[in-house]
Each structure stands twice: as structure tokens, then as C-alpha cells.
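Chain residues, written in single-letter form:
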Amino acid sequence: MIQPLSDRVVVKAQDADEKTASGLFIPDTAKEKPQRGIVTAVGPGRVENGTLIDTTVKEGDTVLYGKYSGTEVTLDGEEYLIMRESDILGIIK
């Protein structure tokens, strides 16, 4: 498992859609990069003016992030993204 530092978050990207809304299958070459994932680990937070500011997201949250956010990492055959909390656009409830 990866333990992120500072305000970084580890996200497991969810698979891109296999079909369009009308039912057409999307080939691998035309699939968009996923922008949704599940948080698997969270760092302790960032220090600002000597005060620790906790992260807002927590493990298990489903989040939206920018298309080109984060650094891709493969661990035990699984693909993860490590990104700053500020790269996360929102939490899906």
C-alpha cells in the first residue's frame, strides 16, 4: 500500500465507460481518460503558517478530478493516481 505524504491523496481510477448512452460500444482507442475514482489513502494534511490543516477527503470517497491530474503509479498490477488534494474537483455523494 502507498502512504501519501502532506496533502497528497491516492486514487484508484474507475474504468471509463464501455458504452455510450445510446448503447454503442466504445473502442479502447476512443475511450476518454477516467476523471472519477475512489480514494484509497490520504496524507495527514498540509502545514500552513505552522498549523496542520487536515485533508477534506477520506478513504472510500468517490471523487472527480481533472483529466490530466496526478501521477500514475502501478503497484501489484493495480493502477493508482497520486495527486494533491487541490487537484480534486469534488466528492460524489
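See above for the structure.
Sequence order as written defines the numbering, with residues in each chain counted from 1. Only residues with pLDDT of 70 or above have their local features reported here, since the model is predicted, and side-chain atom pairs are shown and tallied only from 80 upward, although totals for entire chains, interfaces and linings are computed over all residues. For the side-chain quantities, the full set of heavy atoms in the structure was used; hydrogens and water were omitted.

## Points about the overall build of the chain
How we decide: Counting from the N terminus, the helices are the DSSP runs of H or I reaching at least four residues and the strands are the DSSP runs of E reaching at least two. For each residue, the accessible area found with a 1.4 Å probe, counting protein chains only, is set against the maximum for its type, and the residue is called buried under 20%, exposed over 50%, and partly exposed in between. Contacts between residues were defined by any pair of non-hydrogen atoms, one from each residue, lying within 4.5 Å. For the area figures, the Shrake-Rupley method with a 1.4 Å probe applies, and any residue is considered shielded solely by the protein chains shown.
The secondary structure content of the chain amounts to zero helices and eight strands. Secondary structure elements of the chain, listed N to C terminal, follow the sequence β-β-β-β-β-β-β-β. Buried residues in the chain amount to 28% of all 93 residues. Within the chain, counting contacts between residues at least 6 apart in sequence, those at least 24 apart form 62% of the total. Of the roughly 6,400 Å² of accessible surface on the chain, a fraction of 51% belongs to carbon and sulfur atoms.

## Observations regarding the nonpolar core
Where a protein is soluble and globular, its nonpolar side chains tend to be buried together. Put simply, the rule reads: Here the nonpolar core consists of buried residues drawn from Ala, Val, Leu, Ile, Met, Phe, Trp, Tyr and Cys, with membership extended through side-chain atoms lying within 4.5 Å.
V9, V11, V39, V42, V57, V63, Y65, L81, M83 and I88 together form the largest nonpolar core, which totals 10 residues. Among the secondary structure elements, those contributing two or more residues to this core are β1 (8–13), β2 (36–42), β5 (62–65) and β7 (78–84). When sequence neighbours within four positions are dropped, the list of residues in contact with V11 reads G37, I38, V39, T40, V63, Y65, Y80, L81 and M83.

## Some thoughts on the packing of aromatic side chains
What counts here: When the centres of two rings from Phe, Tyr and Trp lie within 6.5 Å, Trp using its six-membered ring, the rings pair. Their planes under 30 degrees apart give stacked, over 60 give edge-to-face, and anything left gives tilted. For a lysine, the NZ atom is tested; for an arginine, the CZ atom; a charge sits over a ring if that atom is within 6 Å of the ring centre and within 35 degrees of the ring normal.
On inspection of all chains with the given rule, the structure shows zero aromatic pairs. The aromatic ring of Y80 is capped on one face by K12, whose charged end is 5.9 Å from the ring centroid.

## Let's talk about the sheet that holds β2
Sheet strands pair via backbone hydrogen bonds, and the direction of the pair is either parallel or antiparallel. Just so we agree on the cut-off: In this scheme, strands are said to pair when DSSP sees at least two bridges between them. Helix axes are fitted only over the stretch in contact, all axes being lines through C-alpha atoms; the angle between N-to-C directions runs from 0 to 180 degrees.
Ordered by their spatial adjacency, six strands build an open sheet running β6-β7-β1-β2-β5-β8, and the pairing between neighbours is antiparallel. Both edges of this open sheet fall to β6 (71–75) and β8 (88–92), since each of them pairs with a single strand only. Strand-to-strand twist in this sheet, taken as the mean axis angle between neighbours without regard to direction, amounts to 40 degrees. Inspection of the sheet shows β5 paired to β8 by four bridges, in the antiparallel sense. The partner of Y65 across the bridge, within β8, is I88.

## What about the side chain of T55?
The residue T55 is located in the loop between β4 (51–53) and β5 in this model. Leaving out residues up to four positions away in the same chain, T55 has contacts with D7, V42, G43, P44, G45 and E85.

## Concerning unusual backbone geometry
Across the chain, the bulk of peptide bonds are trans and the bulk of non-glycine residues have phi less than zero. Of note, N49 is a non-glycine position whose phi angle comes to about 55 degrees, a positive value. Inspection of the secondary structure puts N49 in the loop between β3 (46–48) and β4. Taking relative accessible area as the criterion, N49 reaches 76% and is therefore assigned exposed. Even without being glycine, D76 reaches a positive phi, approximately 55 degrees. By secondary structure assignment, the location of D76 is in the loop between β6 and β7.

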